Structure formats: structure tokens, C-alpha cells
Amino acid sequence: MESRNYVVWIINATLLVALLVSVAAALFAKPETAGERIVAIKVKCSEDGPEDSSNKKGVPLILQLSSLDVPHGLNLPDRDVRTDALPGKPSKVHVASQQTGRFKSHCDISCGAGQEELEGAIVAKE
Amino acid sequence: MAAKFDRREFLRLAGLGGVVFASGLGFGANAAAAKGQKQEEFYWVQLSDSHWGFEGPAVNPDAKGTLKKAVDAVNSLSYQPDFVVFTGDLTHTTDDPVERRKRLTGFRDIVAGLKVKTVRFMPGEHDASLDRGKAYREFFGEPNYTFDHKGIHFIVLDNVSDPAAMIGEAQLGWLKTDLARFDKDARIVVFTHRPLFDLYPQWDWATRDGAKAIELLMPFPNVTVFYGHIHQEHHEMTGHIAHHAAKSLIFPLPAPGSMPKRQPIPWDAAAPYKGLGFRDVEAAAESANKYEINEYPVQKA
């Protein structure tokens, strides 16, 4: 019963890499209020990203992004989600948690050579 | 008219050209865009996405020779076009500003070999997005401009110099002002790099504010858009506006969404240069929004 009600969000390394160009490390998740979960991500060109899993069904995912170098942009077209990730100016974006599947993401701000080969996805599992 | 007949006959006899795509809905004649210009039949050649400086033997072992072959192929056309247009990604992207200028120089030197001396350029994101078009401007001038030719008003839109893939409010205002000079029956052709519509945003095949440009163009029934970026022939309508994507001169890409990832299609040794090519576009005199598109390979099979 518990597992049936469990939704796992996987932020693929390549995901925000999408944004990516890559995520440089700092991804950490911490339980916030009962109604949401916040994942903070610091992005940087050309570095692999981390992987995160586990969120309870119905708990919205909030990505909190900031850039360690140049402006990036996280775009998940299938979820109608996009936000900038700017140096020194963290941004937040809400990703609803009711839908399962794999949702591709990419960086929609040109940030360096090789950017367009990188893409990622957010995976939500039942 | 004799030239038209002869050119078509030549294409037929030589076995050149590929798919012929008749674009437009035929809204009638006498819609010359520029005041005092008579609508005449002519044709131009569109080349796109040459990515000079790209290296990747698995997808194009002749990366240093393909653009030159295309220039030779255009020069070999029996009837030379009125002009040639390159719809962006002249060079392959690099983080190094010195290398970027070296590649732009290399590209410029090769296309200087075209017999046709009226050559129009615009940047792709590979040329301009990392420095907001600074290096591109040094070589080819402003990335957005207009010109008139034989009754058609041509508009070159820049949707790549902004690294966020946007046309931007300033340029949209410029477009609005430009369009205000024309009657609604003006014959208009837009050249740009990225698709103005959301072709496949998952692969970044879109312009974030492209819908605003289309909205400005919609009141004009005789508008056609030619673009590059997606490395393949593609035709789509947004309302009455036809959008035609051109092949690349370096490597083809898969059809939108047809593969898990947007990756170049590997080189086929059994069919070299497959999927690469250029096109000519013939503007008909008898119809205000009719274009015939002939697709050419980089070299004859």
C-alpha cells in the first residue's frame, strides 16, 4: 500500500545536464513543508549532474536553480515548465507531481560549445 | 519566360533537382511588394547549415570538402540564380573567439568562389549565440535587414543572436514598423534560422517568441518563410503561412521526435552525402504566393 502511493522523481544526471550543460554538483534535497519538496541545483557548463530519487505522491517538486558560471535555462516542454538559472540569482520552478513518465529537458540558453548535444529528463515513477 | 522554360527543361534533361514543392495558396497576381517594382519570375538558391569548422568523421568524413562541393554545384547551374542566401550556422560553434573568427574567415573565403555575387547571409546560433553576434557582425554586418527584389519584399529575421533563442521586443518592433509600409497584398518572404513556430521544442527546434512574429505576419496573405537549423527538408503551414526548412551541408538530423535523441545521422559510405544538399526556389510571376522548390544533392549520384 505504501509503495503504491509512492512516486519517485528521478532527476537524471543527464537531465539537468540538459540544462545543462551540466550540473556541477550541488544537488541536495531536503524535506520542506508537508506540501512540497525542494531540490536545489547549482548548474555549470560541461559537468555531469547528480541523481535524485524519492518523493511522495502528490508532493510537488520545486526545483531551485542557480548558475555557477553563465546564464542557463531549464526547459521541460512536455510539462510546460521553464526557468532561467542565473549566476547569483536563484530561481524556483514548480513541477507538478501528479503525472508519471519521462520528460525531456534541455538548456534553452546558448551557454557553450557542445550544449546542444546534452539533454536530460525528469522521470516520475509510480 | 523563355528562360523559365529552358531552365526547367535543363533540369529535366540533366536529372537534377529532387522533390519539387509548390508552396503557397495562390492569392492572385499583381501583389508586388515594393512600390514601382514589377513582379517578375526569377529564382534564388538557399544554402544552409554549413557548420564550417565541424569535425566528426563518423557523420561527415568530408567536412572540409562539402561546402566547396556545394559552391561548385551552384556554380555549375546553367542558369545562375539572381542571388544566393545562407540561412545560418555558417560555422560550427566554438567557445574560442579567435577560432570563431578563423572559422568565419574560412567560410567567407570559400563562398567568395560563388559565381553569383549577390549573396545574403544571416547567422545561426552556432555563429552568434555565444557572443551575441559580435564576430558575425564584423564579417557580415547586421543580422536582421530587408531588401526588395523583383516585386518581393524580403525580411531577414535574427532569432539566434539572443542566446535565449528570441527575436526580442526591439526587433519585433522593427518588424512591425517595416510591415506597416506595405499593403496587405504585398508579396513577402521571410528568411530566418530557427523555425518561427514550435516544430519540436524538446529538441530546441523553436523560437521562444516566434509566435509574435507570426502574429505580425498573419494579416498578410502572401507570406512564405524559409529557414534552416533542423538539417532536413521540412514543410509546415501555420495558417496560410508556409514554412520551408532546408537541408544542411554538413550532416542530416533525424525527423522531429523520431529518435530518442537529436543526434546527427551517421555517414552512409554506400550513399555519400545522403541527406545533404541545397535548393533553388523559383518565384512565379503569375501568382503572388507561389514558389517552386527544387532540391539538389551536394554532388550528383
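Above: the structure in question.
Keep in mind the model is a prediction, meaning the values are calculated, not measured.

Explain the overall build of chain B here, please?
Looking only at helices and strands, one finds 7 helices and 12 strands in chain B. Long-range pairs, those at least 24 residues apart, make up 74% of the contacts in chain B between residues at least 6 apart in sequence. Of the accessible surface of chain B, which amounts to about 11900 Å², a share of 55% is contributed by carbon and sulfur atoms.

Is there a simple way to explain the overall build of chain A in this structure?
Along the backbone of chain A there are 1 helix and 10 strands. Helices (α) and strands (β) of chain A occur, in sequence order from the N terminus, as β-α-β-β-β-β-β-β-β-β-β. A separation of at least 24 residues holds for 64% of the contacts in chain A among residues at least 6 apart in sequence. Of the roughly 5700 Å² of accessible surface on chain A, a fraction of 50% belongs to carbon and sulfur atoms.

Sorry, what's going on with the interface of chain B and chain A here?
One frequently used descriptor of interface size is the decrease in accessible area upon assembly of the parts. Of the residues lining the interface, 18 residues belong to chain B; the matching set on chain A comes to 15 residues. Each partner contributes to the roughly 1400 Å² buried at the junction of chain B and chain A, and carbon and sulfur atoms together form 43% of this total. In this structure, the salt-bridge partner of Arg208(B) is Asp108(A), at a minimum N-O distance of 3.7 Å. Here chain B is connected to chain A by 5 residue pairs in polar contact (both at pLDDT 80 or more). Tallied by class, the residues present in the side of chain B that touches chain A amount to 7 nonpolar, 5 polar and 6 charged.

Hey, could you run me through the pattern of salt bridges in this one?
Two side chains that carry opposite charge are able to pair once their charged atoms sit near each other. Applying the stated criterion across every chain yields a total of 15 salt bridges over all chains. Its salt-bridge partner being Arg82(A), residue Asp84(A) comes within 2.9 Å of it at the nearest N-O pair. Between Lys134(B) and Glu138(B) there is a salt bridge, with the nearest N and O atoms lying 3.4 Å from each other. Note that Lys134(B) and Glu138(B) are positioned in helix α5 (residues 134-140) at a spacing of 4 residues, about one turn of the helix. The class for Lys134(B) is exposed, based on a relative accessible area of 51%. Looking at Glu138(B), the relative accessible area reads 45%, which means it is partly exposed. When salt bridges with common partners are traced through the structure, they connect Arg82(A), Asp84(A), Asp108(A) and Arg208(B) into a single cluster.

How should I be thinking about the side chain of Asn75(A) in this particular structure?
All names here are of chain A. You can see Asn-75 is positioned in strand β6 (residues 72-76). At 3.0 Å, the side chain of Asn-75 and the side chain of Asp-108 are in polar contact. Look past the residues within four positions of Asn-75 in its chain and what remains in contact with it is Val-81, Arg-82, Lys-104, Ser-105, His-106 and Asp-108.

Quick notes on the rules
- Residues numbered from 1 in each chain as written.
- Chains lettered and ligands numbered in written order.
- Predicted model: local features only at pLDDT ≥ 70, side-chain atom pairs only at ≥ 80, totals over all residues.
- Heavy atoms only, no water.
- Helix = DSSP H or I, 4+ residues; strand = E, 2+ residues; numbered from the N terminus.
- Contact = heavy atoms within 4.5 Å.
- Areas by Shrake-Rupley, 256 points an atom, 1.4 Å probe, with all protein chains shown as cover.
- Buried area = accessible area lost by both parts, 1.4 Å probe.
- Salt bridge = Lys/Arg side-chain N within 4 Å of Asp/Glu carboxyl O.
- Polar contact = N/O pair within 3.5 Å; in protein donor to acceptor, adjacent residues only side chain to side chain.
- Nonpolar A, V, L, I, M, F, W, Y, C, P; charged D, E, K, R; others polar.
- Buried < 20%, exposed > 50% of the residue type's maximum accessible area, 1.4 Å probe, protein only.

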